[in-house]
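# Examining the three-dimensional arrangement
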Amino acid sequence: MNICHRGLSCGVKLQKVTKLLRGSTGLNPGIQLARCVSTGGPTDQKVHRLKDAEPFKNYAKSTESLDHFTSKTTQPKIENYTFPHPIWSNEELNEVEISHRKPQGIADHLAYFSVMTLRTSFDLFSGYTIQNKLNTLDERSVLIRAIFLETVAGVPGFSAGMIRHLQSLRKMRRDHGWIHTLIEEAENERMHLLTFLELKKPGPIFRGVVVFTQLSFTAGFSLAYLISPHFCHRFVGYLEEQAVVTYTQILNKIDEGKLPMWKNLPAPVIAVKYWKLDEKAVMRDVILAIRADEAHHRQVNHTLGDLDHNQDNPYGPGQ
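Residues numbered from 1 in each chain as written. Predicted model: local features only at pLDDT ≥ 70, side-chain atom pairs only at ≥ 80, totals over all residues. Heavy atoms only, no water.

## Describing the nonpolar core
Threshold: The definition of a nonpolar core used throughout is a set of buried Ala, Val, Leu, Ile, Met, Phe, Trp, Tyr and Cys residues joined through side-chain atoms within 4.5 Å. For every residue, the accessible area (1.4 Å probe, protein chains only) is compared with the maximum for its type, and the residue is labelled buried under 20%, exposed over 50%, or partly exposed between those bounds. Strands here mean DSSP runs of E at least two residues long; helices mean DSSP runs of H or I at least four residues long; both are numbered from the N terminus. It only takes one pair of heavy atoms within 4.5 Å for two residues to be counted as in contact.
In terms of nonpolar packing, the biggest core is built from 33 residues, with F196, Y247, I250, W262, W275, V286 and I287 touching the most fellow members. Only α8 (139–171), α9 (178–197), α11 (229–255), α13 (269–274) and α14 (283–306) provide two or more residues apiece to this core. Ranked by residues supplied to this core, first place goes to α14 with eight residues. I287 has contacts with F196, Y247, I250, L251, I254 and W262, leaving out every residue within four places of it along the chain. Among the nonpolar cores identified, the runner-up in size contains 21 residues, and I163, W178, V210 and C232 belong to it.

Listed below in C-alpha cells is the structure:
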C-alpha cells in the first residue's frame, strides 16, 4: 500500500510538472528537463552586459554552431557608421555652378579677404599657379592638392560643433540643432579625404606638414569662432566657393583630356558605397559628387552666417 501510494503521489506530481512545462514553453518536457539538468537552470537566462567581461564574445561562441552564422552562402555584413548625408541625383550633380556671395559688412569683407589671401598664397607656394598656366598639372599634382585641402576642410565643422557642444553643456541650454549639421559637414570632408587616400599614400614629410597645419588652423579657427561665429561661417562659405572652383577646374581638365588616367579610372569602393554611385562609376563621377558636397557646404555656411547663433538650424539631419 505504501508503495502504491508513493507511486501514485509521484505520478501525480510528474503529470503536474509535465503540464506546466508544456504549457509555458511549448517544448517536449523531457528535452526541457534535460536542458535544466545539463545547464543548471533555464536556457533563457540573459547575459548581464555590465558584469560579463566579454558578453558579445561569449554570445558569439555559444551561437557559432547555428546555421545562420555558419552558412557558407551568407555574406559578411558591412556596417555603415557614417552620418546621414545627401545623395545627389544626376541632375543635381551636373547643375552645380560657380557662384559668389558679395560681402556685406566688415566681417564679410574680412572673411573674404582672408580666404582669397590663403588661396593665392597656397596656389603660389604649392606650384599650382605655375602648373596651371603651363598646363603641366597631372593626376599626382591634383591628388596632392586635394588631399592637403581636405585635411584642412574637415577642421571648421568639427571645431565649431565642439565649441557649440561645450557651450550647450556649460550654459545648460539646447543648441537649436546646429551641432549635428556641423559634425556631418566635418565627416563629409573626411570622407573626401579617405576617398583620395585610396589613390595615394602621403609620405612622412607631407604628413608632418599636415600635422603642423592642423594644429595652427584648429587653434586659430576655434579662437575666431569663440569671438565671432558669423565671421567663421562666412569664412567657410567663401572657402567652399573656392572648393567648387577647384573641383570644376579638375572636371574641365578631365573632359579636356589633360587628366587621362582619371577619365576611365574606376571609382574607389569607399566612394561608391558612400555616395551610392553606380558600380561602373569612374573618378569623374566621384569628383562630381565631391563638388556637389562642397556646393552644399557653401549654401549651408552662408545660411548659418546669416542667422543669429541662437536661432534654429533650418537643416535637418542629412539635409
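There is more to say after this.
## Some remarks on the environment of N188
In this fold, N188 is placed in helix α9. In this structure, the C-alpha to C-alpha distance between N188 and I290, residues 102 residues apart in sequence, is 9.1 Å.

## Quick notes on α9
How we decide: A helix is expected to span 1.5 Å multiplied by its residue count minus one.
Taking 1.5 Å of rise per residue, the 20 residues of α9 would be expected to cover 28 Å, and the 29 Å separating its terminal C-alpha atoms lies within 8% of that figure. Burial runs high along α9: 16 of the 20 residues are buried.

## Structural notes on a negative patch on the surface
Rules: Two distance rules govern patches: like charges are joined within 9 Å, and nonpolar side chains (Val, Leu, Ile, Met, Phe, Trp, Tyr) within 5 Å, applied only to residues with over 30% relative accessible area and no salt bridge. Accessibility throughout is a Shrake-Rupley quantity obtained with a 1.4 Å probe, and a residue counts as covered only by protein chains that appear here. The term salt bridge refers to a pairing of a side-chain nitrogen on Lys or Arg with a carboxyl oxygen on Asp or Glu at a separation within 4 Å. For the purpose of counting charges, residues Lys and Arg are taken to be positive, whereas Asp and Glu are taken to be negative. His and the chain ends are not included. Positions of charges follow a simple convention, taking NZ of Lys, CZ of Arg, CG of Asp or CD of Glu.
A contiguous patch of negative charge on the surface is contributed by E91, E92, E95 and E97. Tracing the backbone through its elements, the reader meets E92 in helix α5 (residues 90–94). The exposure class assigned to E92 is partly exposed, which follows from its relative accessible area of 40%.

## What about the packing of α9 against α11?
Think of two packed helices as two axes; the pair is described by the angle between the axes and how far apart they sit. For the record, the criterion: Fitted lines through C-alpha atoms serve as axes, helices being fitted only where they are in contact, and the angles separating the N-to-C directions of these axes extend from 0 to 180 degrees. For this classification, under 35 degrees means roughly parallel, over 145 means roughly antiparallel, 65 to 115 means roughly perpendicular, and everything else is oblique. Crossings are sorted by hand: turned counterclockwise from the far helix by less than a right angle, the near helix makes the crossing left-handed, and turned clockwise it makes it right-handed. Polar here means any residue other than Ala, Val, Leu, Ile, Met, Phe, Trp, Tyr, Cys and Pro, which are nonpolar, and Asp, Glu, Lys and Arg, which are charged; Gly is therefore polar.
As a packed pair, α9 and α11 sit with axes 15 Å apart at the nearest point and diverge in direction by 30 degrees. Taken as axis vectors, α9 and α11 run roughly parallel relative to one another. Like other packed secondary-structure pairs, α9 and α11 cross with a definite hand, here left-handed. Seen from α9, the contacting residues are W178, L182, E185, E189 and F196; seen from α11, they are H233, V236, E240 and Y247. Residue composition of the contact of α9 with α11, by class: five nonpolar, one polar and three charged.

## Considering helix α6 (residues 106–125)
Inclusion rule: Note that the arc is defined by the directions from the helix axis to the C-beta atoms.
Taking 1.5 Å of rise per residue, 20 residues should cover 28 Å, and α6 covers 28 Å from first to last C-alpha, within 8% of that figure. Inspection of α6 places D108, A111, V115, R119 and D123 among the buried residues, and these make up the whole buried set. Buried residues along α6 cover an arc of 90 degrees about the axis, so they all sit on one side. In α6, those exposed residues whose orientation departs by more than 90 degrees from the buried face are I106, F113, T120, L124 and F125. Of the surrounding secondary structure, the elements contacted by the buried residues of α6 are α7 (128–134), α8 and α11.

## A closer look at the pattern of salt bridges
Pairing between side chains becomes possible if they bear opposite charge and their charged atoms approach one another. The tally for this structure, following the rule as stated, stands at nine salt bridges. Between R101 and D306 there is a salt bridge, and its shortest N-O distance comes to 2.8 Å. Placement of R101 in the loop between α5 and α6 and of D306 in helix α14 is noted, with a sequence separation of 205 residues between them. Classification of D306 by relative accessible area gives partly exposed; the value is 44%. Salt-bridge contacts for R164 lead to D175; the nearest nitrogen and oxygen are separated by 2.8 Å.

## What to know about the environment of A292
Checked against the element boundaries, A292 lands in helix α14. Expressed as a C-alpha distance, the spacing of A292 and E92, which sit 200 residues apart in the sequence, is 7.5 Å. Beyond its immediate sequence surroundings of up to four residues, A292 is in contact with W88, L93 and V96.

## Observations concerning the confidence of the model for the protein chain
Condition: Each residue carries a pLDDT score, the predictor's own confidence in it, on a scale running from 0 to 100.
Averaged over all residues, the pLDDT of the protein chain is 82; the fraction at 70 or higher stands at 75%. Contacts for the low-pLDDT stretch residues 1–10, under 50 throughout, to residues beyond four places or in other chains number zero contacts. This stretch, residues 29–44, has a pLDDT under 50; its non-local contacts, to residues over four places away or in other chains, come to 13 contacts.

## Some points on unusual backbone geometry
For N135, which is not a glycine, the phi torsion comes out positive at approximately 55 degrees. Take N135: it is sitting in the loop between α7 and α8. Relative accessible area serves as the criterion here: at 49%, N135 is assigned to the partly exposed category. The phi torsion at K276 lies on the positive side, around 55 degrees, for a residue other than glycine. Overall, the relative accessible area of 60% leaves K276 in the exposed class.

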